[in-house]
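# Close look at the chain arrangement
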Amino acid sequence: MGRRRGLRRLAVLLLALALAVGGIYTAVYFVQRSETLVSERCTASAGNRTGELAPDQAANAALITAVAVRRGLPARAATIALATAMQESKLRNIGHGDQAGPDSRGLFQQRPSQGWGTEAQIMDPYFAVNAFYDALVKIPGYETLDITDAAQRVQRSAHPEAYAQHEDMGRAFASGFTGQTPEGVQCTLRSATAAGDAAAVAGELEQAYGGVDSQAEGATLVVEANGPMAWSIAQWAVANAKDLSVTRVDVAGRAWQRSGGNGWQDSTTSDGQVRITVRQNDGGS
């Protein structure tokens, strides 16, 4: 009799253990499944203009706009550049051309044979973006030209009318990334799987903007900035969150959190600082 009771208890214990393990497995499965189903994207809105990009496209758009900010160019210059790069390369740094321009390369499909630089230079996004702006600013009154006209005078495309279709996207992201529209850019991303490095974020930020006053405090990079510049840097960080394992960005009393997926929320961060937090080695989202 006692042996039967012992066997029953053992059976009950094993059943409970199996249910517990099954529950954990099911929970982990659904968490992993929900992460897999997240549609990673970045969106921008400014007035009635909207745009949507994949995270890698948004990171390139943020760089293109940051260089305009660094050079003191108007948001219109960034709009023209974004519309042009979207048409030429889908905002991706591609290493090939097409039938019309087999030696075309990079974000703007610039051609060594037309004096844009060597292939290696054109494939460097920083070089390519500056080369585009160097040509754009030589056009008298480019700020008031239609997107099609301004882009065509730089690119000499066989299909100049195509640039206009990307104007809304260009304006929306340019307005957010220049800081003219606070909270204009946000990204929906899966949880970060690799640890980030605040020093690496500082290096990328310096290369994009130049002269940035920042200091790492553990997993957080603290950047001294105000007004539109603060929002420009903050939204640049959101656009680069996927590659740099950024989990949170705080600016001017607002915060973007990678794990929330609810856009910009209230934060206790004071004015004058942008705080960019990356995933730590011991976990985080």
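Residues numbered from 1 in each chain as written. Predicted model: local features only at pLDDT ≥ 70, side-chain atom pairs only at ≥ 80, totals over all residues. Heavy atoms only, no water.

### Concerning the packing of aromatic side chains
Taken as a whole and assessed by the stated rule, the structure comprises five aromatic pairs. Seen in terms of ring centroids, Phe132 and Tyr133 are 6.0 Å apart; in terms of plane orientation they differ by 70°. Their pairing is edge-to-face. Grouping residues by exposure puts Phe132 and Tyr133 together as buried. Here Trp231 and Trp264 contribute two aromatic rings whose centre-to-centre distance is 5.1 Å and whose plane-to-plane angle is 70°, an arrangement assigned as edge-to-face. A residue pair is termed long-range when its members are at least 10 positions apart, and Trp231 in helix H9 (residues 227-239) and Trp264 in strand S8 (residues 264-266) qualify at 33 residues. Residue class for Trp231 comes out buried when judged on its relative accessible area of 8%. Here Trp264 falls in the buried class, since its relative accessible area comes to 5%. Taken together, the aromatic side chains of Phe108, Phe132 and Tyr133 make up a single cluster linked through ring pairs. (Phe/Tyr/Trp six-rings, centres within 6.5 Å; stacked < 30°, edge-to-face > 60°. Buried < 20%, exposed > 50% of the residue type's maximum accessible area, 1.4 Å probe, protein only. Helix = DSSP H or I, 4+ residues; strand = E, 2+ residues; numbered from the N terminus.)

### Things to note about the packing of helix H2 (residues 55-70) against helix H5 (residues 125-136)
Closest axis-to-axis distance for the H2/H5 pair is 10 Å, and the angle between their directions is 55°. One element, H2, and the other, H5, form an angle in the oblique class. Classified by chirality, the crossing of H5 by H2 is right-handed. Contact residues: Leu63, Ile64, Thr65, Val67 and Ala68 in H2; Pro125, Tyr126, Val129, Asn130 and Tyr133 in H5. For the contact of H2 with H5, the residue count by class is eight nonpolar, two polar and no charged. (Axes fitted to C-alpha atoms, helices over the stretch in contact; angles between N-to-C directions. Parallel < 35°, antiparallel > 145°, perpendicular 65-115°, else oblique. Left-handed = near helix turned anticlockwise from the far one by under 90°. Contact = heavy atoms within 4.5 Å. Nonpolar A, V, L, I, M, F, W, Y, C, P; charged D, E, K, R; others polar.)

### Concerning H2
For H2, which comprises 16 residues, the first-to-last C-alpha distance of 22 Å matches the rise-based estimate of 22 Å (1.5 Å per residue) to within 8%. For H2, the tally of buried residues reaches 13 of 16 residues, placing the bulk of the element in the interior. Remark: Gly72 follows H2 within two positions and exhibits a positive phi of approximately 75°. (Expected span 1.5 Å × (residues − 1).)

### What about the sheet that holds strand S7 (residues 254-257)?
Remark on secondary structure: sheet strands pair via backbone hydrogen bonds, oriented parallel or antiparallel. Pairing in this open sheet of six strands is antiparallel, and the strands run S4-S5-S9-S6-S7-S8 from one edge to the other. Of all the strands in the sheet, the pair left with one neighbour each is strand S4 (214-217) and S8. Pairwise comparison of adjacent strand axes, ignoring direction, gives a mean angle of 25° for this sheet. In terms of strand pairing, strand S6 (residues 246-251) meets strand S9 (residues 273-278) through five bridges, oriented antiparallel. (Pairing = 2+ DSSP bridges.)

### What about the nonpolar core?
Core analysis: the largest hydrophobic core is formed by 77 residues, its most contacted members being Ile64, Tyr133, Leu136, Trp236 and Val274. Those residues in contact with Trp236 that sit more than four places away from it in its chain are Ala62, Ala66, Phe177, Val201, Glu204, Leu205, Ala208, Tyr209 and Leu244. (Core = buried A, V, L, I, M, F, W, Y, C linked by side-chain atoms within 4.5 Å.)

### Focus on the packing of helix H3 (residues 75-89) against helix H6 (residues 147-155)
As a packed pair, H3 and H6 sit with axes 10 Å apart at the nearest point and diverge in direction by 70°. One element, H3, and the other, H6, form an angle in the roughly perpendicular class. As H3 packs across H6, the resulting crossing turns out to be right-handed. Residue-level inspection shows Arg76, Thr79, Ile80, Ala83, Thr84 and Glu88 of H3 in contact with H6, the latter providing Ile147, Ala150, Ala151 and Gln155. Each residue belonging to the contact of H3 with H6 can be placed in one class, and the counts come to five nonpolar, three polar and two charged.

### Regarding the confidence of the model for the protein chain
Taken residue by residue, the protein chain gives an average pLDDT of 88. The fraction at 70 or more is 84%. Considering only residues more than four positions removed or in separate chains, one finds that residues 24-35, a stretch of pLDDT under 50, has two contacts. (pLDDT = per-residue confidence, 0-100.)

### Observations regarding the pairing of strand S5 (residues 220-224)
Counted residue by residue, S5 has four buried out of five residues, so it is predominantly covered. For S4 and S5, the ladder comprises four bridges, and the chain directions are antiparallel. Residue pairing for S5: Ala216 is matched across the bridge by Leu221. Between S4 and S5, which follow one another and run antiparallel, lie two residues, and Gly218 among them has a positive phi close to 65°. Inspection of the sheet shows S5 paired to S9 by five bridges, in the antiparallel sense. Bridging across to S9, Val223 finds its partner in Val274.

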